Amino acid sequence: MFKKGGKYLRYHVLGSIAFLLLPLLLSPRPPEEIGFLSRPTIRDFIGNFLMLSVFYLNYYLFIPAFYFKKKYIVYTFCIVTALLLICLLPSLLTGRIPWNSPPLPIHTGLVDGMPPSPRGNHFTQEIRHHIFLFIIVMLTSVLLRVRERWFQAETARYNDELSHLKAQINPHFLFNTLNSIYSLALAKDDGAPDAIVELSELMRYIIKDADKHEVLLRKELAYLNNYIALQQSRLGRTVDIMYEVDVAPGDKMIAPLIIISFIENAFKYGVNPDKTSVITIKLELKQNIFSLYVANKKVTKAPVDGDGIGVGNTKKRLQLLYPSRHELQIVDNDINFSVNLIMHLT
């Protein structure tokens, strides 16, 4: 519970203090008791302290060590023992023998408009109160622990799926880039050495930073610049790239390789070798709102797998990483293909 930051620790400290102070406000004060702290108040304070201790013992020790490992007999023994201590220890520590507690006075008729309370003594009433509060505390502890375990399982599933998606994206991009350099080498183009340098920068980024959860936005943009420069070298005059970047240097973070597939898709299906093609790419950052616009005319057939491996995986990554912090609009018709992506960055 405390692993999520100081905010949650403060909540627990404040909640614990409030729980321990409840007896000062709610405990009865018999007329024979003198002073600020009466014995019922001290008993309730001790009971609440034990209740709070059992809550955290159950959360951090009993549930993981016994309940989750299906040691139900040991777990039940610990819970029953804890309940007995909560019921008996406060009375014993304040000098009262629980089984010698005097009976409550018998009232006949209505008392303050209410029927008489059931027969018994002060101790039996305290036990009812402790059991009721104990059940609430234990249920809360179990529910919180089960919720955290479910969250850990979802996080593990998310990390596995994300790793699988990255494993698909990196080779996919590498194959396309090697094809670009191969085309330059066949044509004995003077830009081949520069393309190799640009490829080395791309691969350095993939190897060094692509496995991180987030990277600096400026690193991702440098990666995109190298990629676009490499494509410009390969395609030459057959493509007119309208590339606009309105992003000030800063410390904004973004998931690596989250937008390259949209740009890669434009070069893959929007370039006609027989005439000049136009690809529009616009990147903009305003405060923490990052936007990407990519547009091209379709000049080749659509991939057999619909959106293509890269675009399909990027959609999944956006859903995993930015479930409520992105808007994606794709226009896909017989002539044009465009992507308008808006992301809320940190």
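These numbers come from a predicted model, not from an experiment.

## Description of helix 2 (residues 39-67)
Here helix 2 is 29 residues long, yet its end C-alpha atoms lie only 36 Å apart, well below the 42 Å a rise of 1.5 Å per residue gives. For helix 2, the principal kink sits at Asn-58 and spans about 50°.

## A word on the packing of helix 2 against helix 3 (residues 72-93)
Remark: helix 2 packs on helix 3, axes separated minimally by 9 Å, with the N-to-C direction vectors making an angle of 170°. When the interaxial angle is binned, helix 2 and helix 3 end up roughly antiparallel. Where helix 2 approaches helix 3, its residues Arg-43, Ile-46, Gly-47, Leu-50, Met-51, Val-54, Asn-58, Phe-62, Ile-63, Phe-66 and Tyr-67 are matched on the opposing element by Tyr-72, Val-74, Tyr-75, Cys-78, Ile-79, Ala-82, Leu-85, Ile-86, Leu-89, Pro-90, Ser-91 and Leu-93. The residue inventory of the contact of helix 2 with helix 3, partitioned by class, reads 19 nonpolar, three polar and one charged.

## Considering the sheet that holds strand 2 (residues 239-246)
Strands sit in the order 2-4-5-7-6 across an open sheet of five strands; the sheet is mixed. The open sheet has two edge strands with one neighbour each: strand 2 and strand 6 (326-332). Across the sheet, the mean angle separating the axes of adjacent strands is 5° when strand polarity is ignored. Pairing geometry for strand 5 (residues 289-297) and strand 7 (residues 336-344), over nine bridges, is antiparallel. What sits directly across from Ala-295, in strand 7, is Ser-338.

## Some thoughts on the pattern of salt bridges
Within this structure, the stated rule accounts for five salt bridges. Across the salt bridge formed by Arg-204 and Glu-201, the nearest N and O atoms sit 2.9 Å from each other. Of this pair, Arg-204 and Glu-201 both sit in helix 5 (residues 192-209), three residues apart, which is roughly one turn of the helix.

## Overview of the packing of aromatic side chains
Taken as a whole, this structure holds nine aromatic pairs when the rule is applied. An angle of 70° between the planes, with centres 5.7 Å apart, marks the rings of Tyr-67 and Tyr-72 as edge-to-face. Accessibility expressed as a relative area gives 34% for Tyr-67, which makes it partly exposed. Ring pairing ties together the aromatic residues Phe-55, Tyr-56, Tyr-59 and Tyr-60, which thus form one cluster. In this structure, Arg-145 is placed above the aromatic ring of Tyr-59, and the distance from its NZ or CZ to the ring centre is 4.7 Å.

## Regarding the confidence of the model for the protein chain
Mean pLDDT over the protein chain stands at 79; residues scoring 70 or higher make up 79%. Ignoring residues within four places in sequence, the model shows residues 117-121, a span with pLDDT below 50, making eight contacts including any to other chains. Note on residues 302-307: pLDDT is under 50 here. Beyond four places in sequence and across chains, it has five contacts.

## Some points on a nonpolar patch on the surface
Judged by side-chain polarity, Leu-9, Val-13, Ile-17, Leu-21 and Leu-24 come together as a nonpolar surface patch covering roughly 410 Å² of accessible area. Summarising the element assignment, Ile-17 is placed in helix 1 (residues 6-26). Judged by relative accessible area, Ile-17 falls into the partly exposed class, the value being 44%.

## Examining the pairing of strand 5
Pairing between strand 4 (residues 277-286) and strand 5: eight bridges, direction antiparallel. Within the sheet, the bridge partner assigned to Thr-280 lies in strand 5 and is Ala-295. Here strand 4 folds back onto strand 5, and the loop between the two strands holds two residues, one of which, Gln-287, carries a positive phi near 55°.

## A closer look at the environment of Arg-325
Following the sequence through the fold, Arg-325 ends up in the loop between helix 8 (308-321) and strand 6. Taking the C-alpha atoms as reference points, Arg-325 and Ile-342, 17 residues apart in sequence, are found 8.3 Å from one another. Beyond its immediate stretch of four places on either side in the chain, Arg-325 contacts Ile-342, Met-343, His-344, Leu-345 and Thr-346. From its side chain, Arg-325 meets the backbone oxygen of His-344 in a polar contact 2.7 Å long.

Parameters at a glance
Residues numbered from 1 in each chain as written. Predicted model: local features only at pLDDT ≥ 70, side-chain atom pairs only at ≥ 80, totals over all residues. Heavy atoms only, no water. Helix = DSSP H or I, 4+ residues; strand = E, 2+ residues; numbered from the N terminus. Expected span 1.5 Å × (residues − 1). Bend = angle between axes of the 7 residues up to and from the residue. Axes fitted to C-alpha atoms, helices over the stretch in contact; angles between N-to-C directions. Parallel < 35°, antiparallel > 145°, perpendicular 65-115°, else oblique. Contact = heavy atoms within 4.5 Å. Nonpolar A, V, L, I, M, F, W, Y, C, P; charged D, E, K, R; others polar. Pairing = 2+ DSSP bridges. Salt bridge = Lys/Arg side-chain N within 4 Å of Asp/Glu carboxyl O. Phe/Tyr/Trp six-rings, centres within 6.5 Å; stacked < 30°, edge-to-face > 60°. Buried < 20%, exposed > 50% of the residue type's maximum accessible area, 1.4 Å probe, protein only. Lys NZ or Arg CZ within 6 Å of the ring centre and 35° of its normal. pLDDT = per-residue confidence, 0-100. Patch = residues over 30% accessible without salt bridge, like charges linked within 9 Å, V, L, I, M, F, W, Y side chains within 5 Å. Areas by Shrake-Rupley, 256 points an atom, 1.4 Å probe, with all protein chains shown as cover. Polar contact = N/O pair within 3.5 Å; in protein donor to acceptor, adjacent residues only side chain to side chain.

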